[in-house]
Amino acid sequence: MTASPVLGRDDGPVRILTVDRPDKLNALNRQTLEALDAAFAAAATDDGVRAVVLTGSGAKAFVAGADIAEMNALTAIQAREFSALGQRLMRRIERMPKPVIAMVNGYALGGGLELAMACHLRVAADTARLGQPEVNLGLIPGFGGTQRLLRLAGRAAALELCLLGTPVDAARALQLGLVNRVVPAAELEAETLALATQLAAAAPLALRGILDAVLLGGECGLEEALQFETAQFALLFASEDMREGTAAFLGKRKPQFRNR
Ligand code: COA
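Now for a description of the structure that goes with this document. (Residues numbered from 1 in each chain as written. Predicted model: local features only at pLDDT ≥ 70, side-chain atom pairs only at ≥ 80, totals over all residues. Heavy atoms only, no water.)

Focus: the sheet that holds strand 5 (residues 100-104)
Then, in step 1: With mixed pairing, 6 strands are arranged side by side in an open sheet as 1-2-3-5-7-10. Looking at strand neighbours, the two that pair on one side only are strand 1 (6-11) and strand 10 (181-183), the edges of this open sheet. The sheet shows a mean angle of 20° between the axes of neighbouring strands, taken without regard to direction.
Then, in step 2: Where strand 2 (residues 14-19) meets strand 3 (residues 51-56), 6 bridges bridge the pair, whose relative direction is parallel. Following the sheet pairing, Arg15 is matched in strand 3 by Val52. (Pairing = 2+ DSSP bridges. Helix = DSSP H or I, 4+ residues; strand = E, 2+ residues; numbered from the N terminus. Axes fitted to C-alpha atoms, helices over the stretch in contact; angles between N-to-C directions.)

What to know about unusual backbone geometry
Then, in step 1: At Asn26, a residue that is not glycine, the phi angle is positive and equals roughly 65°.
Then, in step 2: Mapped onto the elements, Asn26 comes out in the loop between strand 2 and helix 1 (30-45).
Then, in step 3: Relative accessible area serves as the criterion here: at 0%, Asn26 is assigned to the buried category.
Then, in step 4: Despite not being glycine, Asn259 has its phi angle at roughly 60°, a positive value.
Then, in step 5: Residue classification places Asn259 among the partly exposed positions, given a relative accessible area of 27%. (Buried < 20%, exposed > 50% of the residue type's maximum accessible area, 1.4 Å probe, protein only.)

Details of the nonpolar core
Then, in step 1: By size, the foremost hydrophobic cluster in this structure holds 47 residues, and its most contacted members are Leu36, Phe40, Leu54, Phe62 and Leu115.
Then, in step 2: By size, the runner-up hydrophobic cluster in this structure holds 16 residues, among which are Val14, Ile101, Met103 and Leu195. (Core = buried A, V, L, I, M, F, W, Y, C linked by side-chain atoms within 4.5 Å.)

Overview of the environment of Gly142
Then, in step 1: Note on placement: Gly142 falls in the loop between strand 8 (129-131) and helix 5 (145-153).
Then, in step 2: Separated by 28 residues in the primary sequence, Gly142 and Glu114 have C-alpha atoms spaced 8.8 Å apart.
Then, in step 3: The contacts of Gly142, once residues within four sequence positions are left out, are Ser83, Gln87 and Glu114. (Contact = heavy atoms within 4.5 Å.)

Let's talk about the packing of helix 4 (residues 111-118) against helix 5
Then, in step 1: Here helix 4 crosses helix 5 at 50°, and the two axes come no closer than 10 Å. Taken together, helix 4 and helix 5 sit at an angle that is classed as oblique. For the element pair helix 4 and helix 5, the recorded crossing hand is left-handed. Between helix 4 and helix 5, the residues in contact are Glu114, Met117 and Ala118 and Gly145, Arg148, Leu149 and Leu152, respectively. (Parallel < 35°, antiparallel > 145°, perpendicular 65-115°, else oblique. Left-handed = near helix turned anticlockwise from the far one by under 90°.)

Brief notes about the site of the ligand
Then, in step 1: The environment of the ligand is formed by 16 residues, the closest being Lys24, Lys60, Ala64, Ala66 and Ile68.
Then, in step 2: Asp23 places a main-chain nitrogen or oxygen 3.4 Å from an oxygen atom of the ligand.
Then, in step 3: At 2.5 Å from an oxygen atom of the ligand is found a side-chain nitrogen or oxygen belonging to Lys24.
Then, in step 4: Protein burial of the ligand: of its 860 Å² of free accessible surface, 59% is covered by the chains.
Then, in step 5: Among the residues forming the shell around the ligand, the class breakdown is 10 nonpolar, 1 polar and 5 charged. (Near = heavy atom within 4 Å. Polar contact = N/O pair within 3.5 Å; in protein donor to acceptor, adjacent residues only side chain to side chain. Areas by Shrake-Rupley, 256 points an atom, 1.4 Å probe, with all protein chains shown as cover. Nonpolar A, V, L, I, M, F, W, Y, C, P; charged D, E, K, R; others polar.)

Brief notes about the environment of Arg92
Then, in step 1: Within the secondary structure layout, Arg92 lies in helix 3 (residues 76-94).
Then, in step 2: Among the residues examined, Arg92 registers a relative accessible area of 33% and is labelled partly exposed.
Then, in step 3: Note: C-alpha distance between Arg92 and Asp37 (55 residues apart in sequence) is 7.5 Å.
Then, in step 4: Discounting chain neighbours no more than four positions away, the residues touching Arg92 are Asp37, Phe40 and Ala41.

Below you can see the structure in the form of structure tokens.
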């Protein structure tokens, strides 16, 4: 049996998932996409996990893209399945009921940038490079990249990155809104874990309400989205955590959220 290409470990309530194919710069072959899908499915239903950090093995790459060697041999029918598998994974990550942070430790190219964009937040090392270089292979992004890049950074940036295929450095990625924070490479893990730990201590039902309202609301018209926000807001008044959060504020103490 070959070792899993995805490693998982817990730091308290934070699950850290690492794509582990450093000799191939963590490129996403089918086995890796399937292992990631299983790892995220498990993290979604594990009540002990309150936040997820996703990263790549080694100092060089987060994920350098879909596996080009594997793609080179695909028929069009197999390519449709490959794209569907990747898109399913990205959607699973985006619709996770708890926050997911991409810790971008190096190259995030092609499927790697698509993976990072499916996460809810992105923290990048100052050494990272991000891009959609598929055009250089005679291809286009196929794991949702054309759409998530458009929605995240706008049409100008989406067209620039996809048409030219030239990666941008971390500072430019921050300017474009592609990443939330850029930190020195040596501080990447500590900074990302601090963020994840902060999220893990927050009220889980409120976090889930925010993820639902922002993600699903962003995919429909304003009138429906506002209605949906109201429904999510009102639902939280049925939670113990909302009573605890408001009572703790009034009692000038720290809240203890219990995911109820
Ligand atoms: N798929 C499959 N293998 C990949 C890969 C990918 N997307 N990206 C890197 N690798 C492999 C290389 O083939 C090489 O394997 P080898 O040692 O067996 O020859 C190994 O990872 C190291 O990569 P290498 O290209 O030698 O490193 P580098 O430092 O010279 O260049 C990159 C780094 C990221 C610039 C370069 O690897 C690259 O351009 N990768 C492809 C990026 C891409 O087009 N991604 C989109 C795919 S849809």
